[in-house]
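# Fold and geometry: a report
Here is what each chain is made of, one letter per residue.
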Amino acid sequence: MRISQLLTPFIRSYLFIVFIVISQILSSEVPRPRGVSLSRASLYNPEKDFKCFDGSLIIPFTQINDDYCDCPDGSDEPGTAACPNGVFHCTNGGHKPLNLHSSRVNDGVCDCCDGTDEYLHKHVKCVNNCFELGQSAREEAQRQAELLKIGSQIRLEFSQKGIQLKQEKKDKLSDLLKQDAEAQHIVQEKEALKKEAEDLENQVLEQYRKIEEENRKQKLEEELASTRPEAIDTFRKFDTNQDGLVDVMEIQAHSTFDKDRNGEVSEEEAKYFLDEQSSVDEETFVTTAWSLIKPFLMVEESIFKPPVGDAGDKEEEHGDETDASDLEPPEDADDKEESEGDADDEEEEEGHVAEEAKPPPPPSPKYDDETQKIVDAASNARTEYHSANDAASKIKSEINDVEQYLKTDFGVDDEFAILESECFEYTDHEYIYKLCPFNKVIQQPKSSSLETHLGKWGEWIGVENKYSVMHFTGGQSCWNGPERSTKVRVVCGSENKVTAVTEPNKCEYQFDFTTPAACRESMTDSEHEIHDEL
């Protein structure tokens, strides 16, 4: 094991040297025009005439890179800027090859790390730093490869956990569906029992309702009979023109009926007291209008009722009869009064406690025993039905939650499912941001507990990789602006962490989020290969 560890750096250095040597050999020994990649070298044969890549024209090979564009596709000028659609290939031995637009050839700027794009500008000194850049790129690639390897291992664990969670949800859904069927059956049974009990209750209470209605009518008739003389007397006082009617104008003559207290009795206010009529006769006044008018007359009487007596005079009279010596308490009077007061207080407290301890008298029975049993049974049936219905509703809600979970796209291998119940915070100089994947995004000022919703979970919207961007929409509306929304860029990382938050546009936020769930070791170099041809 130790020997293999010692050999590893040596093997890496050896392979690197071999790579450099092969790159130099290939770049130097394969004959091809300037700006042509190795993969296309065979298409430029100096022994033959050149055929444009689009097949539109055949020209002598001597016209290749002559700084004149012959081919419509620009393929005859790979090493000059003559064609507007031309492409220049940088070999960049020791580093990644690069394809440039022809306009960047001989423009005075060193674009290729080997400097081959500036071959005409002698005053432009392009330094060949491909080796240094390649070494730095390879070190970064090595670091990314190690990160990818570690992240992929964690991703596999995430995936296994996500698959397990989904299976648990499926099992739970199956169990909830059984519970729902049972709950619905119980609700139907309880509803039938409730209906039966209420039907019986209505039958036995019907006679009580009739008795109550008769009692109410009798009481109303008695009240009407007792107040009838007063009502008739009031009618005759109001009927100032003695025409047997009380009209709107006669009601308006009494400021008592100024309901809104604005200084006058309007026609609408007057009609209110006449049961919305312009005038009423004596019988209508007694049976209908009187019940509306009487309360206002009672208020008027209580307001203008003179006081019973003058308490101030009584106090003065009592003060005159009291001798000054009576105001001086005898010796030890204070002590005696205090002791007597304490005794009184204790008696009052004891009496108060006794009153509190004494149970209230039982309410008088409203129904006979048999009827009361039927009423109680109906009440219990209603309670049981509502309890069963609430339990069934709760199961329905759980079913909806589980079904929504199972519909959520947690990735190809359910690798993102483990994030569903988590939230991750990021703090800048002013705000605290909270990202809850598959749920919501929140912004909270450091100086306040007030939360602003930046969006709720929508969907994955990555272009090349669907699972590279999360989209949260429907957040709180900005002042004089659109609803807030958030895009979360998801990249491979060794831990779940929000690394940056920006607002590139008004009310549009962008989060950078690293997670092992985004690491796929199966991503081969071919997926990231920099092609040397367009």
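Residues numbered from 1 in each chain as written. Predicted model: local features only at pLDDT ≥ 70, side-chain atom pairs only at ≥ 80, totals over all residues. Heavy atoms only, no water.

### Observations concerning the packing of helix α2 (residues 130-238) against helix α8 (residues 369-407)
- Relative orientation of the contacting elements α2 and α8 amounts to 160°, with a least axis distance of 7 Å. Considering the angle they form, α2 stands roughly antiparallel to α8. For the pair α2 and α8, the crossing hand works out as left-handed.
- Classifying every residue of the contact of α2 with α8 gives 26 nonpolar, 4 polar and 15 charged. (Axes fitted to C-alpha atoms, helices over the stretch in contact; angles between N-to-C directions. Helix = DSSP H or I, 4+ residues; strand = E, 2+ residues; numbered from the N terminus. Parallel < 35°, antiparallel > 145°, perpendicular 65-115°, else oblique. Left-handed = near helix turned anticlockwise from the far one by under 90°. Nonpolar A, V, L, I, M, F, W, Y, C, P; charged D, E, K, R; others polar.)

### What to know about the nonpolar core
- Formed by 24 residues in total, the largest nonpolar core has its most connected members in Phe416, Leu435, Val488 and Phe511.
- Residue contributions to this core peak at 3 residues, all from strand β14 (residues 508-515).
- With residues near it in sequence (within four places) discarded, phenylalanine 416 still touches Phe410, Gly411, Phe438, Trp460, Tyr467, Val490, Thr515, Ala517 and Ala518.
- In terms of nonpolar packing, the next biggest core, distinct from the first, is built from 19 residues, Ile232, Phe238, Val248 and Ala270 among them. (Core = buried A, V, L, I, M, F, W, Y, C linked by side-chain atoms within 4.5 Å. Buried < 20%, exposed > 50% of the residue type's maximum accessible area, 1.4 Å probe, protein only. Contact = heavy atoms within 4.5 Å.)

### A short note on the UniProt feature "domain: EF-hand" (unreviewed entry) in the protein
- Here, the residues flagged by UniProt with the feature "domain: EF-hand" (unreviewed entry) are residues 226-261.
- Note that residues 226-261 is 50% helix and 8% strand, and that its end C-alpha atoms are spaced 31 Å apart. (UniProt positions renumbered as here; feature names shortened; annotations may be inferred.)

### Examining α8
- The terminal C-alpha atoms of α8, which comprises 39 residues, lie 57 Å apart, in line with the 57 Å expected from a rise of 1.5 Å per residue.
- Of all the positions in α8, only Thr371, Ile374, Val375, Ala378, Ala381, Tyr385, Ala388, Ala392, Ile395, Ile399, Val402 and Tyr405 are classed as buried.
- Those residues of α8 that are buried lie in contact with α2.
- Where α8 begins, the capping side chain belongs to aspartate 368, and its oxygen is found 3.1 Å from the backbone nitrogen of glutamate 370. (Expected span 1.5 Å × (residues − 1). Polar contact = N/O pair within 3.5 Å; in protein donor to acceptor, adjacent residues only side chain to side chain.)

### A few points about the packing of aromatic side chains
- Within the structure shown, the criterion is met by 23 aromatic pairs.
- Their ring planes at 85° and their centres at 5.9 Å tell us that phenylalanine 238 and phenylalanine 257 sit as a pair that is edge-to-face. Separated by 19 residues along the polypeptide, phenylalanine 238 in helix α2 and phenylalanine 257 in the loop between α3 (248-252) and α4 (267-273) bring together distant segments of the chain.
- Taking relative accessible area as the criterion, phenylalanine 238 reaches 5% and is therefore assigned buried.
- Residue classification places phenylalanine 257 among the buried residues on the basis of a relative accessible area of 0%.
- An angle of 50° between the planes, with centres 4.6 Å apart, marks the rings of phenylalanine 257 and phenylalanine 273 as tilted. Here phenylalanine 273 lies in helix α4 and phenylalanine 257 lies in the loop between α3 and α4, a separation of 16 residues in the sequence.
- Three or more aromatic residues joined by ring pairs make a cluster, and in this case those are Phe235, Phe238, Phe257, Tyr272, Phe273, Phe285, Trp290 and Phe296.
- The ring of tyrosine 119 has arginine 34 lying over it, and the distance from NZ or CZ to the ring centre is 3.8 Å.
- Sitting above the plane of the tyrosine 385 ring, lysine 194 keeps its charged end 5.2 Å from the centroid. (Phe/Tyr/Trp six-rings, centres within 6.5 Å; stacked < 30°, edge-to-face > 60°. Lys NZ or Arg CZ within 6 Å of the ring centre and 35° of its normal.)

### Re the sheet that holds strand β7 (residues 424-427)
- The 8 strands lie next to each other as β7-β8-β9-β10-β11-β12-β14-β13, forming an open sheet whose pairing is mixed. The open sheet has two edge strands, β7 and β13 (497-505), and neither has a second partner. Taken over all neighbouring pairs, the strand axes of this sheet differ in orientation by 25° on average, direction set aside.
- Looking at chain direction, strand β8 (residues 431-436) and strand β9 (residues 440-445) are connected through 6 bridges and run antiparallel. Within β9, the position partnered with cysteine 436 by the bridge is lysine 440. (Pairing = 2+ DSSP bridges.)

### Let's talk about the pairing of strand β11 (residues 469-473)
- Along β11, 4 of the 5 residues are buried, which leaves the element largely enclosed by surrounding structure.
- In this structure, strand β10 (residues 452-460) lies alongside β11, joined through 4 bridges in antiparallel fashion. Within the sheet, the bridge partner assigned to glutamate 459 lies in β11 and is histidine 471.
- As paired strands, β11 and strand β12 (residues 485-492) are joined by 4 bridges and run antiparallel to one another. Within β12, the residue paired with valine 469 across the bridge is arginine 489.

### Describing the side chain of aspartate 239
- Its place among the elements puts aspartate 239 in the loop between α2 and β5 (245-247).
- Here the side chain of aspartate 239 touches aspartate 243 through a polar contact of 3.3 Å, landing on its backbone nitrogen.
- Setting aside chain neighbours within four positions, we find aspartate 239 in contact with Gly244, Leu245, Val246 and Glu250.

### Side note on the state of the cysteines
- What the rule picks out here adds up to 8 disulfides.
- In this model cysteine 478 forms its disulfide with cysteine 507; the gap between the sulfur atoms is 1.8 Å. Note that cysteine 478 is positioned in the loop between β11 and β12 and cysteine 507 in the loop between β13 and β14, a separation of 29 residues in sequence.
- Two residues, cysteine 492 and cysteine 519, share a disulfide whose sulfurs are 1.8 Å apart. Negative torsions about the S-S bond denote left-handed disulfides, and the value of about 95° found for cysteine 492 with cysteine 519 makes this one right-handed. Here the residue cysteine 492 occupies a position in strand β12, and cysteine 519 occupies one in the loop between β14 and α9 (525-528), the gap between them amounting to 27 residues.
- Accessibility expressed as a relative area gives 1% for cysteine 519, which makes it buried. (Disulfide = S-S within 2.5 Å.)

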